[in-house]
Amino acid sequence: MSEPHNAERTCWNCPAAIFRGNVDFRACGQSQEEIKAQLGDEGQIMIECSRRPELGHYEPTITFEECPQWELGDYGYQLKNMRVMILGMDGYLGWTLALKLARQGCEVSGIDNYLRRDSVMEKGAHSIIPIPKMTDRLHAATEKFGVHINFRRMDLRDRQKLAEFIDEVKPEAIVHYAEVPSAPYSMVDMDHAIYTQDNNTLGTLGLLWIMKDIVPESSLIKLGTMGEYGAPLTGRPLFEGMFPADAVLKWKDREWSMGGEITPRDPVSFYHVSKVQDTYNIYEACKYWWLRSYDIMQGVIYGVHTDELAHDDTLRSRFDIDEWFGTVINRFIAQAIAGIPLTIYGAGEQIKGFIALDDAMECMVRLISSPPEPGQYEVVNQVSGLYKLRDIAETVAKVGNEKYGLDVEIQRLENPRVETEEHPFEAVSSKLPNEFGFEQTVPLEKEVDRMFQVLTQPEMKTRIKEKEHTIMPKTTWSGEKKDPEVIERYKPGTKDSDGFEAVLHSEE
Ligand code: USQ
């Protein structure tokens, strides 16, 4: 077996370490090696351990492998009973992660204001997989797994209450999912756009101040999006947040190194803009206050399966298919079941990064258990495959037809969004596999099959039928509300896919 990904990490990465001594980290992690080299011999970097006070003052050199507070688990070394707070715990990802972490032995706490439930209701839709109310979910988790999750109903922007809860729990990692997740929602009208940016950007900014004051040693594991980068027509690769060391800018016969600079962002909705603003706020907070963060550029997520969710129907996470909150693969599955031709927006040559729910959760556990160092702001691109929308429609149709006897058609609709419909796409996702030991376990077809298995159950089919009127996109980027025109309708397997090929770099 290869060595666990975080065995060699040290007190520098541990949230229990309280740094003492004259150290200025304010270089956003970039000059830490230098600081350590300069000061190490003189022993000026001293820490105390909040978990092991008996050690007194010492140099931060104990590795996770050596420290009895870190135990070997399924995903490398994990801090015993690590206190993890999930903001947005009632959502698709939040609930799934809460169960996984609780089962891994973490002390899980969380907040939610039920925004997702409310805004799906505002759309006139519901979660196709029925989900119990939070109190019942918490009971089910205790009953099935013997775990206790500490939940408070709370708005992220209720800063006083949030600060009190954080002070009470003193989380060692904070996972931030408490944002409006939908591009179409943010484009409905002025109020929805302002709500999205207020909740997301100002909510996160407030959180950063609270963390600075109460838990500066906790890591912020923040959900960003691959959509922050856009899809550059030049084909320039989408690096992990910053340009690599050997990137160069040339202009008028001169050149400059771009290494370490934040790469350009080109968001595709007011929602995506809110994530870009978060990026800068978090980057700055790490620089000014030595906070530490992994900013995750996650691809489009899909799927229904993790071991915990599949354990019992009462533990399932939500599954949306409406035009605001359904992500594309989840929507295609429901459409195939409802007999609606799969709705490709525009040319269908758009290429996106994707990741299955189960794989995304594994990435999260690995990131949480290998925290950044003080001052470190690190971007990871969390995708496991790049696909063209047309090809995804073909895969869903194929599985639906071959395994579930569904006669699936595909339709191309006039695109309600403003987005590039034909473009090269080269993305880098190298940190998760190489630095955190992540290996993709869920191929697209496998998860598509699992989704059909769950969603073709009679109750789910009825729930899809009840809400099929929420599937067609009516929210356009121009602000106009209208039904889209159908450009063409075709049978799967009758079109050749040509154009650009996606390239994913996962090597070191
Ligand atoms: N699309 C279709 N047909 C549909 C729905 C969508 O062709 O019925 C297309 C869209 O035009 C877009 C792509 O599929 O090109 C993805 O759309 P989506 O709604 O599945 O995902 P998106 O709006 O990009 O947002 C989702 C999540 C968001 C997350 C983002 C990751 O809602 O929270 O940040 O995926 S990423 O796309 O990489 O930015």
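All of these numbers come straight from a predicted model, not from anything done at the bench.

Draft legend 1. Summary view of the site of the ligand. The ligand sits among 20 residues. The nearest are Pro181, Thr225, Tyr271, Thr343 and Glu419. Within the backbone of Gly227, a nitrogen or oxygen atom sits 2.8 Å from an oxygen atom of the ligand. Between the ligand and the protein, one listed contact pairs an oxygen atom with a side-chain N or O atom of His272 at 3.1 Å. If the ligand stood free it would expose 720 Å²; the protein chains cover 93% of that surface. Listing elements by their share of the shell around the ligand, those giving two or more residues are α8 (270-289), α10 (328-338) and β14 (342-345).

Draft legend 2. Spatial organisation of the sheet that holds strand β20 (residues 486-490). In spatial order, the strands read β14-β18-β20; together these three strands make up an open sheet with mixed pairing. On the outer flanks of this sheet lie β14 and β20, each paired with one strand and no other. Here the average twist between neighbouring strands, direction ignored, is 25°. Pairing between β14 and strand β18 (residues 410-413): four bridges, direction parallel. The residue of β18 that forms the bridge with Thr343 is Gln411. Sheet strands in contact with helix α12 (residues 389-404) are β14, β18 and β20, and its direction is about 175° off that of β14.

Draft legend 3. Highlighting a negative patch on the surface. A grouping of Glu3, Glu8, Glu65 and Glu66 is seen on the molecular surface, where their side chains present a negatively charged patch. Among the structural elements, Glu66 can be located in the loop between β2 (46-49) and β3 (70-73). Overall, Glu66 belongs to the exposed group, its relative accessible area being 56%.

Draft legend 4. Up close: the domain arrangement of the protein chain. Looking at the protein chain, the domain boundaries give domain 1 (1-72) and domain 2 (81-505). One C-alpha centre belongs to domain 1, the other to domain 2; they are set 32 Å apart. Counting residues at the interface gives 21 residues for domain 1 and 26 residues for domain 2. A buried area of about 1,900 Å², summed over both sides, lies between domain 1 and domain 2, and 49% of it is on carbon and sulfur atoms. The interface formed by domain 1 and domain 2 includes one salt bridge.

Conventions adopted
Numbering of residues begins from 1 in every chain and follows the order in which that chain's sequence is written. Given that the model is predicted, a residue must reach a pLDDT of at least 70 before its local features are reported, and side-chain atom pairs must reach 80 or more before they are shown or counted; all residues, however, enter totals for whole chains, interfaces and linings. Hydrogens and water are ignored here; the side-chain numbers use all heavy atoms of the structure. Nearness is judged by heavy atoms alone; a residue qualifies as near a molecule or strand once a single heavy atom is within 4 Å of it. Definition of a polar contact: a pair of N or O atoms within 3.5 Å, with one able to donate and the other able to accept a hydrogen when the atoms are protein atoms, and with sequence-neighbouring residues admitted only if both atoms are side-chain atoms. The accessible surface values rely on the Shrake-Rupley method and a 1.4 Å probe; as for residues, cover is taken only from the protein chains in view. Starting at the N terminus, helices and strands are each numbered in turn, a helix being any DSSP run of H or I of at least four residues and a strand any DSSP run of E of at least two. The criterion for strand pairing is that DSSP finds at least two bridges linking the strands in question. For helices, the fitted line uses only the C-alpha atoms of the stretch in contact; every axis is such a line through C-alpha atoms, and the angle between N-to-C directions lies from 0 to 180 degrees. Contacts between residues were defined by any pair of non-hydrogen atoms, one from each residue, lying within 4.5 Å. In this scheme, patches are assembled from residues that exceed 30% relative accessible area and form no salt bridge. Like charges are connected within 9 Å, while nonpolar side chains (Val, Leu, Ile, Met, Phe, Trp, Tyr) are connected within 5 Å. Put simply, a salt bridge is a Lys or Arg side-chain nitrogen that is within 4 Å of an Asp or Glu carboxyl oxygen. Positive charge is attributed to Lys and Arg, negative charge to Asp and Glu, and no charge count is given to His or to the chain ends. To locate a charge, take NZ of a lysine, CZ of an arginine, CG of an aspartate or CD of a glutamate. Remark: exposure states derive from per-residue accessible area (1.4 Å probe, protein chains only) relative to the maximum for the residue type, with buried under 20%, exposed over 50%, and partly exposed in between. Throughout the structure description, domain borders are defined by an automatic or database domain assignment. Here the quantity called buried area is the total loss of accessible area, with a 1.4 Å probe, experienced by two parts when brought into contact, counted for both.

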